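Structural characterization, general
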Amino acid sequence: MNDWVVSYGRAVVKLRWLIVLLSIAGVLFLASGGRFIQFSNDYRYFFTDQNPNLQAFERLERTYTSPDTLLWVLRPHEGKITTPERLAIVKEITERAWQTPFSTRVDSLTNFQHTRAENDDLTVRDLVEDPQSLTADGASAVGDIALNDPIIADRLISDDETTTAIVATLKMPRDDQVATSSVMAYARELLKDMREKHPDIRFELTGSVALSSSFSEAAQRDLATLTPAMYLVLALTVYFLTRSIPGTIATILVVTLSAAAAMGLVMGWFGVKLTPPSSGAPTIILTIAVADSIHILVTMLVEMRRGRAKHDAIVESLRVNWGPVFLTSVTTAIGFASLNFSDAPPFRDLGNTAAVGAVIAWALSVTLLPALAAILPMKAKGTLIRQSEFMERFAEAVIARRRVLLVAMTVLIVGFATLLPRFSFNDRFVTYFDDRMEFRVASDWAADHLTGIYQISYSLSAGETGGVSNPEYIAKVEEFANWFRTQPEVVHVSTFSDVMKRINKSMHGDNESYYRVPDDRDMAAQFLLLYEMSLPYGLDLNDQINVDKSATKLTLTLTDISTTEMQSLINRADTWLKTNAPEHMYSYPAGQAVMFAFIGRNNFNAMTTGTAVALLLISGCLMLALRNLKLGLISLVPNLTPPIVAFGILALFTPEVGFWATFVIATALGLIVDATVHFLSKYRRARVEHGKSPEDSVRYAFATVGTALWVSTFVLVIGFAILALSPFKVNAMLGIMVALTVAVALIIDFLLLPSLLIALDRGKKPSKLPDAAASAPAE
């Protein structure tokens, strides 16, 4: 059987030097595309152009000012921020923040445009013009004014006057790594300088630009730490399991070239930008590539230990493993390719890169690896035989307890399945990073002491040009803002109505009774025009009013809000608008917080289809390759149940999942098929070619492929577990859950699958297939 594979194997051994040279030359050409790899630091890259939340966000950006910000947040270790000396520090940072590249606006406690009535004139000046000239009472008065103005209270100053923020608004070029780096370099230099000058004050840096920078920094950190760690783990693992230095060298060379070729081809030649999710591709490719190599290498060493010459052992290993290794590579590629259904482009890139890597790894494992094995001096150690003997004893234990195992495993799977309804999606972009990223530390600290980083905005139409001066419109905006102020999720509301009330008060001699919406439209329009003419450059109202004055922006700063709470707040606001506001004022919120809050739900809907397609294709491949409908149907059990058990285990520890969860099944599906394919192919070979009973066929499968299965699974688990070291939580959780799913899959393949085969495959011995059909994984 498989005569052509035997002929191919002999040709590889004979032409080994030529194959090594051609393989390496081809791979180096593909890998040379690596010089074109670029990082993406744009958080918008996580969304497709068709994403409605991204479209709403970009419409808001075109209508008002840029949403890109940097926040320097400071808090003295003791005392208040409202002292002359500390207000001088705020003013210094404010002035230097204007020098930040691409800055268009800077807001702070000191340059807040405070209105006062002086005789019949409206005076608009910085709240703190000269901090050094302030007395203690004057500084205290600044605090009182700030805390009583809803525009800056709980936004630029905390209610206890201990924390303040300087907010720079920037017009950033789209997805420009150099621009973001230059901005962050300046901002961090300013931060460092302030920390050195004032050790008695804590300074932190956050904002959406810091978020963008964190994405690229996390990707670079992963490449710099996880990939080398993976090499070390793989080398030690392969050597420990095979006790063969030449075999370890050959395997590491194959997996290295597989990862380099895939990254160079997809990320370099095809111009796909590298992001935190796709930065995990090298680690994933190294892992799946070593699994292919392990099967061929272990079989070869076992055959050598049993007395075959090295070259004959190489040919036999190719003959035995050709079908299963090819099939597992195809199913792995299908699983990763199904990520193209994702609504998040970075995971499409990850899927495509890993799928290409799986195909390249297969090609190199059947060309370069056997050629290197034929060249390098390899010797088989007794370890592998002892492992094989252990698997034979393990098989006897499973067969003897098959009924108990069948019932127990079924109960466990059903039990874990009942825990799945507990889950709910919760995506907060700050928590995408762990405490090793300064953005996470700064954002959490700022949220605890001053203001949250989660903001959503409504663009509320007045229904006509110049309509923002209509008292009825302003009153309705005020009513909407006041409703939000009663909601528990809201920290601060920034609304145009507060500006108009303050102007109206100042234009009436700072009489508190006039702190209300103006009564007359023409008067309101004149007040607004006078106020805008009094504002300095860069501090106009373009961040709140559109060009033709037909709409205003209402912005909410939220607590550390969950996806469920966000949806609830939006639904309640939606109901309020439809019930209390005119139709032209209706608006759906936009903002980074909205985009990321529903990224998990959107991807779940998309990946449900993708996973179903992948499952159908993989199942079809298995049935086609096995040429046996019953075995194909049985194979669905060990392929479908591992993700159920893995998520059931997770449900014991947390009821929340992020959008990473939508990719676990698709990523793991192609990998968990590996063990099923190899086990069933050996089982079927025993049944078809040797006419063995189901029990003896199970023994044969354990004896021939059991060692390679647990070895390759061990490597897969270790490889994906390394992703848990990533500071980017999406990668870390993906790695943990895929590793757990693969480990569970092996347990099910070793305990449940044999019991199912013995129980269900009791019919007559399958007829032997023609040679052409048998060249599938039935080797």
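Residues numbered from 1 in each chain as written. Predicted model: local features only at pLDDT ≥ 70, side-chain atom pairs only at ≥ 80, totals over all residues. Heavy atoms only, no water.

Quick look at the overall build of the protein now. Looking only at helices and strands, the protein features 26 helices and eleven strands. Counting only C-alpha atoms, the protein reaches 105 × 50 × 45 Å along its principal axes. Scored against the burial criterion, the 779 residues of the protein give a buried share of 60%. Within the protein, contacts between residues separated by at least 24 positions form 81% of all contacts whose residues are at least 6 apart in sequence. (Helix = DSSP H or I, 4+ residues; strand = E, 2+ residues; numbered from the N terminus. Buried < 20%, exposed > 50% of the residue type's maximum accessible area, 1.4 Å probe, protein only. Contact = heavy atoms within 4.5 Å.)

The rolling of a water-molecule-sized probe over the atoms marks out the regions of remaining empty space. Considered as a void within the structure, the largest pocket measures approximately 530 Å³ in volume. Contributing to the lining of the largest pocket are 20 residues, with Leu420, Phe604, Phe647, Ala661 and Ile665 lying nearest its centre. Of all the elements, helix α21 (residues 599-626) adds the most residues to the lining of the largest pocket, at six residues. Considered class by class, the residues forming the lining of the largest pocket number 15 nonpolar, five polar and no charged. Approximately 350 Å³ is the volume attributed to the second largest pocket. In this structure, the second largest pocket is lined by 18 residues; those nearest its centre are Thr65, Arg105, Asp540, Leu541 and Asn542. Broken down by class, the residue content of the lining of the second largest pocket amounts to five nonpolar, eight polar and five charged. (1 Å grid on protein atoms, 1.4 Å probe; cavity = no way out; pocket = protein on both sides within 12 Å on 5 of 7 lines; lining within 4 Å. Points joined across faces, edges and corners; volume = space filled by probe spheres on them. Nonpolar A, V, L, I, M, F, W, Y, C, P; charged D, E, K, R; others polar.)

Take the packing of helix α7 (residues 208-242) against helix α8 (residues 245-269) next. Between α7 and α8, the least distance of the axes is 9 Å, while the angle of their chain directions is 145 degrees. Our pair here, α7 against α8, has a crossing hand that is right-handed. Mapping the contact onto sequence places Tyr231, Leu234, Ala235, Val238, Tyr239 and Thr242 in α7 and Ile245, Thr248, Thr251, Ile252, Val255 and Thr256 in α8. A per-class count over the contact of α7 with α8 returns eight nonpolar, four polar and no charged. (Axes fitted to C-alpha atoms, helices over the stretch in contact; angles between N-to-C directions. Left-handed = near helix turned anticlockwise from the far one by under 90°.)

The next subject is the nonpolar core. Ranked by internal contacts, the top residues of the largest apolar core, which has 217 residues, are Trp72 and Phe484. Considering every element that reaches this core, the biggest residue donor is helix α9 (residues 281-305), with 16 residues. Setting aside chain neighbours within four positions, we find Phe484 in contact with Tyr458, Val490, Val493, Leu554, Leu556, Leu569 and Ala573. Counting residues in each nonpolar core, the second largest holds 28 residues, with Ile413, Tyr683, Val705 and Leu756 among its members. (Core = buried A, V, L, I, M, F, W, Y, C linked by side-chain atoms within 4.5 Å.)

This paragraph deals with the pattern of salt bridges. Following the criterion strictly, the structure yields 34 salt bridges and no others. Its salt-bridge partner being Glu217, residue Arg188 comes within 2.9 Å of it at the nearest N-O pair. Placement of Arg188 in helix α6 (residues 177-197) and of Glu217 in helix α7 is noted, with a sequence separation of 29 residues between them. Put simply, Lys476 and Glu479 hold a salt bridge, and the shortest N to O gap is 3.1 Å. One end of the pair is Lys476 and the other is Glu479, both in helix α16 (residues 471-485) and three residues apart, which spans about a single turn. Accessibility expressed as a relative area gives 19% for Lys476, which makes it buried. (Salt bridge = Lys/Arg side-chain N within 4 Å of Asp/Glu carboxyl O.)

Looking now at unusual backbone geometry. Here the phi dihedral of Asp510 falls at roughly 55 degrees; this positive angle occurs in a residue that is not glycine. Of the residues examined, Asp510 reaches a relative accessible area of 30% and is grouped as partly exposed. A positive phi angle is found at Lys549, which is not glycine, with a value near 55 degrees. Structurally, the position occupied by Lys549 is in the loop between α18 (521-534) and β10 (551-558).

With the rule as written, the count across this model stands at seven cavities of 30 Å³ or more. In this structure, the largest cavity spans a volume of roughly 910 Å³. When the residues that make up the lining of the largest cavity are grouped by side-chain class, the tally is 17 nonpolar, 20 polar and eight charged.

Applying the stated criterion across every chain yields a total of 30 aromatic pairs. On the basis of an interplanar angle of 85 degrees and a centroid distance of 5.9 Å, the ring pair of Phe433 and Phe439 is categorised as edge-to-face. Arranged with centres 5.6 Å apart and planes meeting at 45 degrees, the rings of Tyr458 and Phe484 form a pair that is tilted. Taken together, the residues span a long stretch of sequence, with Tyr458 in strand β8 (residues 454-461) and Phe484 in helix α16 at a distance of 26 residues. Relative accessible area serves as the criterion here: at 0%, Phe484 is assigned to the buried category. (Phe/Tyr/Trp six-rings, centres within 6.5 Å; stacked < 30°, edge-to-face > 60°.)

Before going further, it helps to examine the pairing of β10. Along any regular strand the residues' side chains alternate between the sheet's two faces. Among the eight residues in β10, eight count as buried, and that is most of the element. The alternating pattern of β10 places Ala551, Lys553, Thr555 and Thr557 on one face and Thr552, Leu554, Leu556 and Leu558 on the opposite face, and all of these are buried. Relative to β10, β8 is paired through eight bridges, and the arrangement is antiparallel. The residue bridging Tyr458 from the neighbouring strand is Leu554, located in β10. Here strand β9 (residues 490-494) runs beside β10; their pairing, made up of four bridges, is antiparallel. When the sheet's bridge partners are listed, Val490 is paired in β10 with Leu558. (Pairing = 2+ DSSP bridges.)

Everything listed here is a matter of geometry and, on its own, says nothing about what the molecule does.
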